[in-house]
Amino acid sequence: MTTNDPGSMETPQVERSRTPVVSSWNEWDPLEEVVVGSADGACFEPTEPGCRPTVRGGGGAFPTGPKPAEMIARANEELDGLAALLTSRGVRVRRPSTVDFATAVSAPTFDVANQYCAVCPRDVIVTIGSEIIEATMSRRARYFEFLAYRDLVYRYWNSDDRVRWTTAPRPSMRDEMYREEFWSIPLEERYARMHSFEFCISQDEVVFDAADMSRFGRDVFVQESMTTNRAGIRWLRRHLEPQGIRVRPVHFPLDLFPSHIDCTFVPLRPGLVLTNPDRPLLDGEDRLFIENGWKLVNAPEPTTGNDGMPRYCQSSKWLSMNVLSISPTEVICEERETPLHALLDSLGFEVLTVPFRHVFEYGGSLHCATWDVRRTGTMEDYFPDASSDQAT
Ligand code: ARG
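Predicted model only: the values in this text are computed from it and were never measured. (Residues numbered from 1 in each chain as written. Predicted model: local features only at pLDDT ≥ 70, side-chain atom pairs only at ≥ 80, totals over all residues. Heavy atoms only, no water.)

Draft legend 1. Expanded view of the nonpolar core. If you look at the biggest cluster of nonpolar residues, it comprises 47 residues, and the most contacted ones within it are I128, Y156 and W371. Contributing elements (two or more residues each) for this core: β5 (125-128), β6 (131-134), α3 (147-159), β9 (219-223), α5 (230-240) and β17 (370-375). Sorting elements by how many residues they give to this core places α3 first, with five residues. (Core = buried A, V, L, I, M, F, W, Y, C linked by side-chain atoms within 4.5 Å. Buried < 20%, exposed > 50% of the residue type's maximum accessible area, 1.4 Å probe, protein only. Helix = DSSP H or I, 4+ residues; strand = E, 2+ residues; numbered from the N terminus.)

Quick look at the structure:
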């Protein structure tokens, strides 16, 4: 399931009359085409200035190099299951190319012993309207992850001349780009300084991961995090604003190790965001939502506590809320998250479920493991009352 059928991309002539082959404005419109990640060739994430992986439960050194074949097979089985469910709902599914992530990278400005994986396309690449943007990335081991998606990007780009394609500035990833001291700050000091929003990357270069963005039509919210700095947000703003898109930074001060917004603030349909009760929005940043009639609804406690997460998983229990919307009324959730199923059901959603626990140790769940290429719909303004506009 992890290769693409080369003959299947439609021709430009056919596409001309319809929606561009790449077109997606938000996280909830009906999903037509999606890329589902693959664990083929995956490695353990290496220790580097932007990442300090640890074994849960304090079990010694974090492994290095390729992941064992059975671990990869278990994750692939679940990823294939997601692909099959999506296909059965009429969504066209494509998969990344196989990359050997065990290859070391030696660049003029950094070295890294091995790379990571192509399980989470969400982190690397984003569709905004008919534009594909490849993120700068924030970690050395992920610098070349875009290669897993290049065959697909070229096919989309070649098949429809309305598709735009941008790669963000390449960061140096040299030692000076990072704040290594971040990793040794005591917890009390982290709380005392939580409003400074300074994490493991410095502010000098443009740095962002695609998964720190959440798309709401004309408005794109971007989280300041360990993986996205203020220069990264400025670059996105300068790039997207001429197209009429408002880029709005958001902050979740109680998340002391923030990375990727999709376990923290997850829009489900116009007017409704699933929020993380442990990570409220910065005071004042909720005003825009409230004034425009949006409801922020807290996710229930995940069924697995942080202690019960897979041994090598570097994410929190809040992967529970990393759901994938396939329309404003249908959401795919991890199969064991029954309290969340009940909440979504009471909010009027049809809840579809798949097992996905073995994917957790690859850094994400259902939203992370996908890149939506095409959703029905156009650019809408969901925040017409901008009296509390904080875009500065
Ligand atoms: N840092 C998040 C958490 O632990 C996980 C984010 C996963 N998202 C992703 N797109 N890989 O809560």
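Once the structure has been displayed, the description carries forward.
Draft legend 2. Spatial organisation of a nonpolar patch on the surface. On the surface, L187, Y191 and L254 cluster together into a nonpolar patch covering about 290 Å² of accessible area. Tracing the backbone through its elements, the reader meets L187 in helix α4 (residues 187-192). By relative accessible area, which is 47% here, L187 ends up partly exposed. (Patch = residues over 30% accessible without salt bridge, like charges linked within 9 Å, V, L, I, M, F, W, Y side chains within 5 Å. Areas by Shrake-Rupley, 256 points an atom, 1.4 Å probe, with all protein chains shown as cover. Salt bridge = Lys/Arg side-chain N within 4 Å of Asp/Glu carboxyl O.)

Draft legend 3. Examining the confidence of the model for the protein chain more closely. Taken as a whole, the protein chain shows an average pLDDT of 94; of its residues, 94% reach a score of 70 or greater. Within the model, the stretch residues 1-7 combines pLDDT values under 50 with 17 contacts to residues more than four positions away or in other chains. With pLDDT under 50 throughout, residues 11-15 is counted as low confidence; its partners more than four residues away or in other chains account for eight contacts. (pLDDT = per-residue confidence, 0-100. Contact = heavy atoms within 4.5 Å.)

Draft legend 4. Looking closely at the site of the ligand. The ligand sits among D123, A211, S259, H260, D262, C263, R279, S315, S316, G363 and C368. The contact in question runs from a nitrogen atom of the ligand to an N or O atom on the backbone of S259, over 2.7 Å. G363 has a polar backbone atom sitting 2.9 Å from a nitrogen atom of the ligand. Relative to its free-state accessible area of 350 Å², the ligand is covered by the protein chains to the extent of 95%. Here the ligand occupies the largest pocket. Across the shell around the ligand, the residue classes break down as three nonpolar, five polar and three charged. (Near = heavy atom within 4 Å. Polar contact = N/O pair within 3.5 Å; in protein donor to acceptor, adjacent residues only side chain to side chain. 1 Å grid on protein atoms, 1.4 Å probe; cavity = no way out; pocket = protein on both sides within 12 Å on 5 of 7 lines; lining within 4 Å. Sits in = over half its atoms within 2 Å of the grid points. Nonpolar A, V, L, I, M, F, W, Y, C, P; charged D, E, K, R; others polar.)

Draft legend 5. Local environment of the sheet that holds strand β8 (residues 213-216). The strand order across the open sheet formed by three strands is β8-β9-β10, and the pairing between neighbours is mixed. The strands lining the two open edges of the sheet, one partner per strand, are β8 and β10 (246-250). Each strand of the sheet is rotated relative to its neighbour by a mean of 25°, with strand direction disregarded. Both β8 and β9 contribute to a ladder of four bridges, which runs antiparallel. Across the sheet, the residue bridging to F216 is D219, located in β9. (Pairing = 2+ DSSP bridges. Axes fitted to C-alpha atoms, helices over the stretch in contact; angles between N-to-C directions.)

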